[in-house]
Amino acid sequence: MSSEVVFIEGTHKYYNSITAEEYISCTTLIKRYTPEFKAKEMAERISKRDNIKVEDILKKWDEAGRNAVEFGTKIHKCMEGYVKHNPLLIDDEWKDTTKIGYELLMEEAEECSIESEKLLFNHEYKLAGQSDIVYTRDHSIYNIADFKTNKKIEYSSRYGEYMLYPLNHLQHCSYNEYALQLSLYAYMLQQPIGKMFLLHLNKETKVWTKIPMPYMKHEVMVLLKHFKLKNTI
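Criteria and cut-off values
Residues numbered from 1 in each chain as written. Predicted model: local features only at pLDDT ≥ 70, side-chain atom pairs only at ≥ 80, totals over all residues. Heavy atoms only, no water. Helix = DSSP H or I, 4+ residues; strand = E, 2+ residues; numbered from the N terminus. Buried < 20%, exposed > 50% of the residue type's maximum accessible area, 1.4 Å probe, protein only. Lys, Arg positive; Asp, Glu negative; His and termini not counted. Salt bridge = Lys/Arg side-chain N within 4 Å of Asp/Glu carboxyl O. Contact = heavy atoms within 4.5 Å. Axes fitted to C-alpha atoms, helices over the stretch in contact; angles between N-to-C directions. Parallel < 35°, antiparallel > 145°, perpendicular 65-115°, else oblique. Left-handed = near helix turned anticlockwise from the far one by under 90°. Pairing = 2+ DSSP bridges. Expected span 1.5 Å × (residues − 1). Arc of directions from axis to C-beta. Patch = residues over 30% accessible without salt bridge, like charges linked within 9 Å, V, L, I, M, F, W, Y side chains within 5 Å. Areas by Shrake-Rupley, 256 points an atom, 1.4 Å probe, with all protein chains shown as cover. Core = buried A, V, L, I, M, F, W, Y, C linked by side-chain atoms within 4.5 Å.

**Q** Kindly report on the side chain of E219, identifying the contributing residues and their values.
**A** Turning to its location among the elements, E219 is positioned in helix α6 (residues 217–230). Look at E219: it is buried, it has no salt bridge, and the nearest opposite charge is K217 at 11 Å. Setting aside anything within four residues of it in sequence, one finds E219 in contact with L167, H169, L170 and L180.

**Q** I'd like a rundown of the packing of helix α3 (residues 54–83) against helix α4 (residues 95–106), residues and numbers included.
**A** Running from amino to carboxyl end, α3 crosses α4 at an angle of 60°, the nearest separation of the two axes being 9 Å. When the interaxial angle is binned, α3 and α4 end up oblique. As α3 runs across α4, the sense of the crossing is right-handed. Between α3 and α4, the residues in contact are I75, C78, M79, Y82 and V83 and K95, T98, K99, G101, Y102 and L105, respectively.

**Q** Summarise the pairing of strand β3 (residues 22–25); cite the residues concerned and give the values.
**A** Bridge analysis of strand β2 (residues 13–16) against β3 gives 2 bridges, and the strand direction is antiparallel. Bridged to Y14 within β3 is Y23. Pairing of β3 with strand β5 (residues 127–137) involves 2 bridges; the strand directions are parallel. Within the sheet, the bridge partner assigned to S25 lies in β5 and is A128.

**Q** A description of α6 should follow, citing residues and the corresponding values.
**A** Spanning 14 residues, α6 covers 20 Å between terminal C-alpha atoms, matching the ideal 20 Å at 1.5 Å per step. Burial in α6 covers these residues: E219, V220, L223, L224, H226 and F227. The arc enclosing the buried residues of α6, seen along the axis, measures out at 165°, which places them on a common side. Away from the buried face of α6 by more than 90 degrees, exposed residues H218, K225 and L229 are located.

**Q** Pulling in residues and values, what's your account of a nonpolar patch on the surface?
**A** The grouping of F37, L58 and W61 at the surface amounts to a nonpolar patch, some 280 Å² of accessible area in total. Residue placement: W61 occurs in helix α3. For W61, a relative accessible area of 31% translates into the label partly exposed.

**Q** So what about the nonpolar core? Which residues, and what values?
**A** In this structure, L29, L127, L184, M213 and L224 are the most contacted members of the largest nonpolar core, which totals 36 residues. Contributions of two or more residues to this core are made by α1 (26–31), β5, β6 (141–148), α5 (174–189), β7 (193–202) and α6. Here this core gets 11 residues from one element, more than from any other, and that element is α5. Setting aside residues no more than four positions away along its own chain, L127 makes contact with Y23, I24, S25, C26, L29, L120, F121, N122, L184, M188 and L224.

Structure below.
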């Protein structure tokens, strides 16, 4: 795959380096097909129930979100440091925990080459993303792994919500969002896919869990066709 698409770290955006077109990221695309989280309305309900100021609730959520992003970035850098044998990327506080995660990764690496932060893209749909780990066996079978550090992986919607059309047969939950994310990576690889899995780190217990993920190829194709149609009308 050529390097026609570039990722700009500062803005977290992807561009075609030849045409200067911006490409949508996999996570941004998926978010367009999820129900809107109405933070203010939810905060107002909690405010009435618990007698807490709305602005205090929103501030707490905002702070928790920033902390989660910072922690996720730190763990990703540590794992990248182990894969690339670059100790400068490994945080001292989390080096032992991330070493365990790295060892779990290596269990799948027998007779495979490993790429970290592999840039993937598709010109037809102007889509791009970076897979945390791509394993290649004999240049023919590809396995995909991604690291997650959110509080927990939810396998169903707590509120009975579903994704938006044409994915409205899928419940809106983190498991389905991540399955779609890895499936988009798999689709962009355009190669035979072996295994796909998450390595989820619980921040409180420092325990890693390996979670197999399905290749939702049908859902990806339906999603991309719908997205392209919406953007050409």
